[in-house]
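Residue-level listing of the chains:
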Amino acid sequence: MAAQIVPAAETDLPAIARLAGEIWHAHYPGIISREQIEYMLGKMYALETLRQEMTLQAIRFEKLMVDGELAGFASYGPVEPARTFKLHKLYVKPRCHGRGLGSMLLAHCEREAARLGATRLMLAVNKRNTKAIAAYQRNGYATVDSIIAGIGSGFVMDDYIMAKELGGQFFRAGAVQ
């Protein structure tokens, strides 16, 4: 298996959106409702939304290629406070799970964020997404907050906020147990 991570271009966004749909429909049933899956895919993965993230919001997209095929992707970018980046998206095809590819993609995002001046990488993960939470914990992330945020149409994101100091230390201030 030959895996590599390469920057995504605007022309890659339709393939990323299609892959997001495939992954979300395989992974999220049982975590959130099918109606919320469709709502969030329509909102977060509309091509215009992805284009604006890439071109206007300085969010970087990375493609995980396995044997020449798009097998995953991630996006990340600067947020407040200063020197903090947010991991907005990180997904790997279910058939590629268990091979260390998600950790490889995450480490790549961490290195790139640090190269761009970040000292902390934060992310939001659904509280019922135990598989992802465990993976982030294995990669040095700690839970620092718990939020419930309305996203429209009666849906909410019920998430943990996790963070990692990019100097290698856990971020523990305000950690939720």
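In case you missed it, the structure is sitting above this.
The text that follows walks through the structure, step by step, so that each part is easy to find. It should be emphasised that the depicted structure is a prediction, and the values quoted were computed from it without experimental measurement.

Description of the nonpolar core
Then comes step 1: Judged by nonpolar contacts, the single largest core of 26 residues is most densely connected at Leu87 and Tyr136.
Then comes step 2: Among the secondary structure elements, those contributing two or more residues to this core are β2 (60-66), β3 (69-79), β4 (84-92), α4 (101-115), β5 (120-126) and α5 (130-138).
Then comes step 3: Among the elements that line this core, the one with the most residues is α4, at five residues.
Then comes step 4: Discounting residues that sit within four places of it in the chain, tyrosine 136 has contacts with Leu87, Leu90, Leu106, Leu123, Val125, Tyr141 and Met162.
Then comes step 5: Listed in part, the 25 residues of the second largest apolar core include Ile16, Met54, Phe61 and Met65.

Some points on the side chain of lysine 93
Then comes step 1: Here lysine 93 shows up in the loop between β4 and α4.
Then comes step 2: For lysine 93, a relative accessible area of 9% translates into the label buried.
Then comes step 3: The residues contacting lysine 93, other than those within four sequence positions of it, are Leu19, Glu22, Ile23, Glu69, Leu70 and Ala71.

Rules used throughout
The written sequence of each chain sets the order in which its residues are numbered from 1. Reporting in this predicted model follows two pLDDT cut-offs: at least 70 for local features of residues, and 80 or more for side-chain atom pairs to be given and counted; totals over whole chains, interfaces and linings ignore these cut-offs and use all residues. Calculated side-chain values reflect all of the structure's heavy atoms, with hydrogen atoms and water omitted. Buried Ala, Val, Leu, Ile, Met, Phe, Trp, Tyr and Cys residues that are joined via side-chain atoms within 4.5 Å together make up what is termed a nonpolar core. The buried label goes to any residue with under 20% of its type's maximum accessible area, the exposed label to any with over 50%, and the partly exposed label to all in between, with areas taken from a 1.4 Å probe on protein chains only. Helix and strand labels come from DSSP, where a helix needs a run of H or I of at least four residues and a strand needs a run of E of at least two; each type is numbered from the N terminus. Note on contacts: a residue pair is in contact if any heavy atoms of the two residues lie within 4.5 Å.

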